[in-house]
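# Geometric and topological summary
So you can see what is in the structure, the chains are spelled out below.
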Amino acid sequence: MNSHLRICIVGAGFSGAVIARELAEKGYSLLVIDERDHIAGNCHTERDSETGVMVHKYGPHIFHTGDETVWSYINRFGEMMPYVNRVKATVKGKVYSLPINLHTINQFFDKAMSPDEARAFIAEQARTDIEDPQSFEEQGMKFVGDQLYKAFFDGYTRKQWGVEPSSLPASILKRLPVRFNYDDNYFNHPYQGMPKDGYSKIVEGILSHEKIELRLGCSFEELEETFDHIFYSGPLDRYFRYDIGRLSYRTLDFEPIRADGDFQGTAVMNYPDPEVPFTRISEHKHFAPWEAESFEKTIAFKEFSRSCGANDIPYYPIRRLDDQQLLTTYEERAANETGVTFVGRLGTYQYLDMDVTIGRALAVAKTFLNGR
Ligand code: UDP
């Protein structure tokens, strides 16, 4: 084994931390760098000093997975508390249940249909001529029809992504289930939960190994040492200094709302109406139901999405259908870059959830170790 190799991991989010840990446990020494002053990337959590509430600094993160290995992995590094994400939406002054389920359909059409009746009713509105939906819009029209699509998806998606829904891939909408029963669990996965002490504590646990050196406030560009191998979880186009152009990302702005008691009575309220400038309001104490009652005050955040500029934090890779050529070129270059493995949401420019990120990081570490 070449455990004397000098290995650097760029980014101390889930991807970087998991790979570092896997390699450290096999005897490798690693340097993990992150340009921010904290670990855990966009999953970072910290307690708000005024309320005591555990705040998801870069927006809500709910852990859910169907992968037992990933579930046991995360549970090794911190206690996961029971949490089921139940999202609501305010549309034209009325509150609905999400994801679209029998309750939403009955509320929206002011009916009391059975599952079969609702299925037939929606089938009548759905666009049956679309066989294999390519875009977000086609996916919506095929599965819920014009009225529900307009009310719940069109406005929200335009605000969230800043582009025509017809130019977004169908995969974004495939994240959300449509159900003909009253199950309002936002996710279909068998495992779901929230870390008792926050995500940063979990990442801290993953990174705490004698073979791992962590350097915060250090960007990849300013690194002077050379390495035998680099695992890079920064933005893919940034690695190549954007020399053939920029991939599009969305960034988020959060406007805090402070109040006494309970602000909205639930963790996430979406606002799909196009007239409302934000996409959703998250009230963070409700992400921790086991302690929510103990806080006298509350903090919630209005979430605004906008195009990501040069000095902004990228959150979501847009993956516009017409950006495909630029992405393919970067991907080919990444694949040919010797001594570097690109990982994570930004490094692979993919809309990855935390569980998939961890699963892929475990696989990347395994491939690396098997190749030595
Ligand atoms: N979406 C929507 N209306 C909603 C919720 C979601 O149109 O009320 C669309 C939107 O395009 C969003 C995508 O579905 O980006 C995925 O939603 P999810 O809740 O998974 O987004 P995340 O929490 O990852 O931002």
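Scope of this entry: the structure provided in the associated data block. (Residues numbered from 1 in each chain as written. Predicted model: local features only at pLDDT ≥ 70, side-chain atom pairs only at ≥ 80, totals over all residues. Heavy atoms only, no water.)

Thr 157, Trp 161, Tyr 186, Tyr 316 and Tyr 351 are the nearest of the 16 residues found near the ligand. For the ligand, an oxygen atom lies 2.8 Å from a polar atom in the side chain of Trp 161. Within the side chain of Tyr 316, one N or O atom sits 2.4 Å away from an oxygen atom of the ligand. Burial of the ligand by the protein chains amounts to 93% of its free accessible area of 530 Å². If you tally residues by element for the shell around the ligand, the top one is helix 6 (residues 145–161), at six residues. Its residues placed into classes, the shell around the ligand shows eleven nonpolar, three polar and two charged. (Near = heavy atom within 4 Å. Polar contact = N/O pair within 3.5 Å; in protein donor to acceptor, adjacent residues only side chain to side chain. Areas by Shrake-Rupley, 256 points an atom, 1.4 Å probe, with all protein chains shown as cover. Helix = DSSP H or I, 4+ residues; strand = E, 2+ residues; numbered from the N terminus. Nonpolar A, V, L, I, M, F, W, Y, C, P; charged D, E, K, R; others polar.)

What follows deals with the sheet that holds strand 9 (residues 191–195). Reading across from one edge, 5-9-6 is the order of the three strands in this open sheet, with antiparallel pairing throughout. Each edge of the open sheet carries a strand with a single partner, namely strand 5 (63–65) and strand 6 (80–82). Ignoring strand direction, the axes of neighbouring strands in this sheet form an average angle of 45 degrees. Across three bridges, strand 6 lies against strand 9 in antiparallel orientation. Its bridge partner being in strand 9, Met 80 is matched across the sheet by Pro 195. (Pairing = 2+ DSSP bridges. Axes fitted to C-alpha atoms, helices over the stretch in contact; angles between N-to-C directions.)

Bringing the environment of Ala 12 into the picture now. Note that Ala 12 resides in the loop between strand 1 (7–10) and helix 1 (14–24). Ala 12 gets classed as buried once you look at its relative accessible area, which sits at 0%. Placed 66 residues apart in sequence, Ala 12 and Gly 78 show a C-alpha to C-alpha distance of 17 Å. Those residues in contact with Ala 12, other than ones at most four positions away along the chain, are Val 32, Ile 33, Asp 34, Ile 39, Ala 40, Gly 41, Val 203, Leu 207 and Leu 214. (Buried < 20%, exposed > 50% of the residue type's maximum accessible area, 1.4 Å probe, protein only. Contact = heavy atoms within 4.5 Å.)

What follows concerns the side chain of His 38. Within the element layout of this structure, His 38 appears in the loop between strand 2 (30–34) and strand 3 (45–47). In this structure the side chain of His 38 is engaged in a polar contact, spanning 2.7 Å, whose partner is the side chain of Tyr 58. Those residues in contact with His 38, other than ones at most four positions away along the chain, are His 44, Tyr 58 and Leu 216.

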